[in-house]
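Each chain is listed here by its residues.
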Amino acid sequence: MQADPAYRSWSSLARAAQEQMWIAVGDTIFRERARLAATATRLTHPSTRRGSLSLDPQFTPPRGVTSVDIHLQPGGYALDLGEGDCSAGALYESGGNLYAFGQGISRTDSKAAHVQRFLRERFPRLQPKRILDMGCSAGSASVPYAEAFPEAEVHAIDVGSGMLRYAHARAESLGVAVHFHQMDVAHTSFEDESFDLIVSHNVMHEISAPTRRGMLRESRRLLRPGGVCVHQDVPLRFQGLSEFRKFEMSWDTLNNNEPYWEVYANADLQPELRAAGFAEDCIHVGSLPATQGSLPWFVACAWRPE
Ligand SMILES: C[S@@+](CC[C@H](N)C(=O)[O-])C[C@H]1O[C@@H](n2cnc3c(N)ncnc32)[C@H](O)[C@@H]1O
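It should be emphasised that the depicted structure is a prediction, and the values quoted were computed from it without experimental measurement. (Residues numbered from 1 in each chain as written. Predicted model: local features only at pLDDT ≥ 70, side-chain atom pairs only at ≥ 80, totals over all residues.)

## Topic: helix α8 (residues 209–222)
Right, so step 1: Compared with an ideal rise of 1.5 Å per residue, which puts 14 residues at 20 Å, α8 spans 20 Å between its outermost C-alpha atoms and is within 8% of the ideal.
Right, so step 2: Its buried side turned inward, α8 meets α3 (63–66), β2 (130–134), β5 (195–201), β6 (223–233) and α12 (269–275). (Helix = DSSP H or I, 4+ residues; strand = E, 2+ residues; numbered from the N terminus. Expected span 1.5 Å × (residues − 1). Contact = placed C-beta atoms within 7 Å.)

Dropping the structure here:
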């Protein structure tokens, strides 16, 4: 396939489209960087803010994040251009909107809506008091949980400071209280059994296998009895796929700086959730029903009995 002229032309076009997407949003965001930072400072003023932001000056983002401009995003997830910089979050939200043709991120985020529908159907009695969103990026999935469960305290974590500053300002601009923290999904500093609901959205395909297993162990440690975790991601599974489809699906690893795409596609999450400490009959791994215009999102869900 790599030698086939038709494949090479398609692949070049796909790569060029991705580069152009980042040039288009990057030009504006980098030009407006100072104004973005000033707006974020105004939106998060201590006298008016509802949520909070805790950045850890000692925190070093993992090499898996810093060593690659993930999906060609300029500077990658951990980009931080200094005091108050929000570029990483603005890039993620704007690039994501363009990539998804306006669907699946921002106010039209379908991932959180799908998981919330799944929770209502599967766990109708769940009324979480504390919710954690792991790998929150710009917080576009964190905000819908705070809106859906107004009585709950919502926390969200990510490794990128520029991402978290933007997420905090964005949540405040929407009038929603979310508490953002700079932490690794595999090693948080929250207390044991301190959350009733833990979610992650499109994170598993962006982290290494040891980090993913750490995230599942951390989910088990942090869940209270009766609590539920739902790790949602793209419906990309290699089990049962033809070699051709696997090759086709590997394009992002080979050409779009997605080092963990295939690592995720090959992961067997049922035994990983068991190894993390969940009982066999407290695990559900599978797809959510697609709605008009959405993907059939994949979920790895586990819960603790009351
Ligand atoms: C695809 S984005 C997540 C999108 C977001 N959840 C949403 O719904 O819009 C992946 C995020 O995971 C974060 N991330 C990667 N490795 C991480 C780690 N070890 N701990 C915490 N966050 C991590 C990245 O910084 C990035 O913001």
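From this point, the discussion proceeds with the structure in view.
## Topic: helix α2 (residues 33–43)
Right, so step 1: The set of residues buried in α2 consists of Leu36, Ala37 and Ala40. Buried residues of α2, viewed axially, fall in a sector of 95°; they line one side. Pointing more than 90 degrees away from the buried face of α2 are the exposed residues Ala34, Arg35, Ala38 and Arg42.
Right, so step 2: Turning to α2, the residues buried within the fold contact α4 (87–99) and α7 (161–173). (Buried ≥ 20, exposed ≤ 12 C-beta atoms within 10 Å, placed from the backbone. Arc of directions from axis to C-beta.)

## A look at the packing of α4 against α7
Right, so step 1: Orientation of α4 relative to α7, taken along the N-to-C sense of each, is 70°, at an axis distance of 6 Å. Taken together, α4 and α7 sit at an angle that is classed as roughly perpendicular. Contact residues: α4 offers Ser87, Ala88, Gly89, Ala90 and Tyr92, while α7 offers Gly162, Met163, Arg165, Tyr166 and Ala167.
Right, so step 2: For the contact of α4 with α7, the residue count by class is six nonpolar, three polar and one charged. (Axes fitted to C-alpha atoms, helices over the stretch in contact; angles between N-to-C directions. Parallel < 35°, antiparallel > 145°, perpendicular 65-115°, else oblique. Nonpolar A, V, L, I, M, F, W, Y, C, P; charged D, E, K, R; others polar.)

## A look at the environment of Arg220
Right, so step 1: Mapped onto the elements, Arg220 comes out in helix α8.
Right, so step 2: Between the alpha carbons of Arg220 and Gly277 there is a distance of 6.4 Å; along the sequence they are 57 residues apart.
Right, so step 3: Not counting chain neighbours up to four residues away, the residues in contact with Arg220 comprise Ala276, Gly277 and Phe278.

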